[in-house]
Every structure is written in C-alpha cells, then in structure tokens.
Amino acid sequence: MPAPHSHAAADFARGAAFVRDAYLPIDQASIPLTDWGFLRSDAAYDVVTVWDGAFFRLDDHLQRFRASCAHFRLRLDRPDAAVAQVLEHCVRLSGLRRAYVEMIVTRGQPPWGSRDPRQAVNQFYAFAVPYVWIADEEQRTRGLHLQISGVTRIPSSSVDARAKNYHWHDLTSGLLGALDVGADTVVLGDGAGNVVEGPGFNVFAVGADGTIVTPAQGVLEGITRRTVIEIAQTLGLPLQQRALSAAALRSAREAFISSSAGGILPVTRVDGQPLGDGQPGPVTRRVLQAYWDWHADPRWCRRVDYTPSA
Ligand code: PLP
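Reading guide: rules and limits
Residue positions are given per chain, counted from 1 along the sequence in the order it is written. The predicted origin of the model limits local features to residues at a pLDDT of at least 70 and limits the giving and counting of side-chain atom pairs to 80 or more, whereas totals for whole chains, interfaces and linings rest on all residues. Where side-chain values are given, they derive from all heavy atoms of the structure, hydrogens and water being excluded. We call a residue near a molecule or strand whenever a single non-hydrogen atom of that residue lies within 4 Å of it. A 3.5 Å cut-off defines polar contacts: any pair of N or O atoms within that distance qualifies, except that in protein one atom must be a possible hydrogen donor and the other a possible acceptor, and neighbouring residues in sequence count only when both atoms are side-chain atoms. Values of accessible area rely on a 1.4 Å probe in the Shrake-Rupley scheme; residue burial ignores everything except the protein chains shown. The method works on a 1 Å grid over the protein atoms by themselves. A cavity is a set of points holding a 1.4 Å probe that cannot get out, a pocket is an open set with protein on both sides within 12 Å along at least five of seven lines, and residues with an atom within 4 Å of a point line them. Whether a molecule sits in a cavity or pocket is decided by its atoms, more than half of which must lie within 2 Å of the grid points. Counting from the N terminus, the helices are the DSSP runs of H or I reaching at least four residues and the strands are the DSSP runs of E reaching at least two. A patch consists of residues whose relative accessible area exceeds 30% and which take part in no salt bridge; residues with like charges are grouped when within 9 Å of each other, and nonpolar side chains (Val, Leu, Ile, Met, Phe, Trp, Tyr) when within 5 Å. The working definition used for a salt bridge is a side-chain nitrogen of Lys or Arg within 4 Å of a carboxyl oxygen of Asp or Glu. One requirement defines pairing of two strands: DSSP has to find at least two bridges between them. The axes are straight lines fitted to the C-alpha atoms, using for helices just the contacting stretch, and the angles between their N-to-C directions are given from 0 to 180°. What marks off one domain from the next here is an automatic or database domain assignment. Note on contacts: a residue pair is in contact if any heavy atoms of the two residues lie within 4.5 Å. Summed over both partners, the accessible surface that disappears when two parts come together, traced with a 1.4 Å probe, is what is meant by buried area.

**Student:** An account of the site of the ligand is needed here, citing residue identities and associated values.
**Tutor:** Looking at the ligand, there are 17 residues lining it, with K164, E197, I223, T224 and S260 nearest. Separating an oxygen atom of the ligand from a side-chain N or O atom of K164 is a distance of 2.4 Å. Coverage of the ligand by the protein amounts to 93% of the 390 Å² it exposes when considered alone. With respect to the detected pockets, the ligand is housed in the largest pocket. Elements represented by at least two residues in the shell around the ligand include exactly strand 10 (197-198), strand 11 (201-206), helix 6 (223-235) and strand 15 (254-259).

**Student:** Which residues make up a nonpolar patch on the surface, and what values go with them?
**Tutor:** Judged by side-chain polarity, I31, L33, F38 and L39 come together as a nonpolar surface patch covering roughly 410 Å² of accessible area. Its place among the elements puts L39 in helix 1 (residues 36-39).

**Student:** How would you sum up the sheet that holds strand 18 (residues 301-303)? Please name residues and give values.
**Tutor:** Pairing is antiparallel across the open sheet formed by seven strands, whose spatial order is 2-1-6-5-3-4-18. Bordering the open sheet on either side are strand 2 (22-25) and strand 18, each of which pairs with just one other strand. The average undirected angle you get between the axes of adjacent strands in this sheet is 25°. Bridge count between strand 3 (residues 43-51) and strand 4 (residues 54-56): two bridges; the pairing is antiparallel. Of the residues in strand 4, the one forming a bridge with V50 is F55.

**Student:** An account of the domain arrangement of the protein chain is requested, with residue identities and associated values reported.
**Tutor:** Partitioning the protein chain into structural domains gives domain 1 (13-132) and domain 2 (137-294). Residue-level contacts link 21 residues of domain 1 with 23 residues of domain 2. Taking both sides of the interface into account, the surface hidden between domain 1 and domain 2 amounts to around 1,900 Å²; carbon and sulfur atoms contribute 58%. Together, Y45, R57 and R64 form the three largest contributors to the area buried by domain 1 at its contact with domain 2, with a combined 34%. Remark: the boundary between domain 1 and domain 2 carries two salt bridges. Across the pair R57 and E230 runs a salt bridge whose closest N-O atoms are separated by 3.0 Å. Summed over the shared surface of domain 1 and domain 2, the number is nine residue pairs in polar contact (both at pLDDT 80 or more). Counting only elements with at least two residues in the side of domain 1 that touches domain 2, the list comes to strand 3, helix 2 (58-71) and strand 5 (99-106). With seven residues, strand 3 is the largest single contributor of residues to the side of domain 1 that touches domain 2.

Structure follows, in structure tokens:
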C-alpha cells in the first residue's frame, strides 16, 4: 500500500497512524472529541513491539486483542491478517526498526440523542512510534525502585484486567504517589494484602528457595509475562503463578517486572529497602538475557517488509 501522496516520507519519521482508513503522520493523528473511547475510556487495545525490524509474538498480541474486544463487546471489523497489514504499513511508513505499535478499537459514538452503546459504530485505529521503555537506561542498569501502593487495583469483577483497557486512574494515582516519594514506579494491591500489577507491567519475585512467583489473579496476562513463564520452563527455573503478598515481595531475594515496553526490568528496592544485595539478581539477569536472545528466534519473530511499494 503506497504512502498517501500528500505526505512526504519525512513526515512519518516520528511515527505513523491509521485513522478512519487513512495513514497519517503521528503528529496529525486524532480521534473525534465525541468518540466514547475518549469520553468514557470505552476501548480495547493492545501493544506489540518491533525489535530490529521484526515483530515479536505478533500472533499472540493479535489473539489477545481480539479477545479484549470481544470481552467489551467491541467489534473488530477485520480479520487478524488485515490488522497485521495495517500495523506493518504503519511501521513501514515510519521506517522505524524499533517500534511500539498500538492497535485500538473504540466504541465510537452512538447517534445523537442515544446513549445506547449497541448503536455506536466502533472504530479501529493503529499507530507505530519509536520503541517505548518503561524505565530509562540508568534505572534499568541500577534496577527500579518500586513502591507498593495503598491504591487498590480496580477489581476484575468490575473491569476484567485480562481484557486490555484504558481504565488507568488507579494505576496513574498509584504512580503519582510513588513518584512523590521518590520511587521510580508502583505496584498496586488487591485490597487483601497481595500485589497484582503496575502501570503497564506484571511483577515477579524470587523467594529464598529460588522459586519465581507471579500473581495469577487480577492481572493482565502479559505476553512478556508468558514469555517469562516459557523462559523459566526452558531454563528449568521453578515458577509459580499464585498470590504474591506484599510482605513476600518486600522480603524477596530479587524481583523484576515485565512489559512489552522494555522487556524484563530488574527491581532492586521495594518501599525504599534494598532487595538482596541491592543489585539486579542472577535469576533476573538470566531471564533478561533469554528474553532478548528470543528476539532473534524465528519462532517468535516476523520480519517487517520495509519495501516502499509493499
Ligand atoms: N499489565 C498492564 C496493566 C499492562 O497495561 C501491561 C501492558 O501494557 C502489562 C501488564 C504487560 O503486558 P505485556 O507484557 O503484554 O506488554
């Protein structure tokens, strides 16, 4: 699909978007003010990355995206192959070799006067921008300082965390509180003494016996989380998906978080106290290394065709 003639290739260098059947430079992309995606956070989305010119686990992201849309009764009006084509074209237009690629379905807007969501025409959007890191290089090297928030994550009985959504007030409130006390980021609890997840990531703790534990309930089943589980299986590292108490996280030997926005990120302080010797731990480093090694594995990668006429 060729680039629209009205935009020069350079206009797309900061990113490219697909908005209502047109490709636009990211700076020019917008949605109507009255779209319930904006007015009500009424949307489902997913984020896949491109690393060194290849999508990582694209099929898994497409599958989760479709499931999130179905959960919120949002209509994804095209098959996975067509979604993939749009995503790839956004990346191609941008020319980015390392990109953060988002796909969204919003409720759109019902006819004027109606407040019936079933009457809305759902809208598909997508964009590709430069790769996003949850933490900067210094934080990634020294390990993140994590705060356990007093804010409870929205319970999954209200908004199912497994369906990827923009209900982020709890995550953002928690993050602001953590930044206020000098932490780098935050993990929210379930209101019953366990931690669940943070703004854009899952959490893992390595206990005294070397077992990696990650919360099983009340979390988005991150694709990076899944990759960690598979890496642990491959490396023979014990891993359990079960409740992780705040106390267990505070007393963990090591900890890390996982996200498409940065992969595996070591945690070296929780609530101001160092974990272990205060350095990124050996289990974390092994998982982190494997995560990036897997980016060269054809099982998980799909190369982007950057040919302009593709
Ligand atoms: N949890 C939440 C709330 C998220 O928003 C995200 C990603 O944005 C994750 C976990 C991590 O998911 P993934 O590894 O698929 O990026």
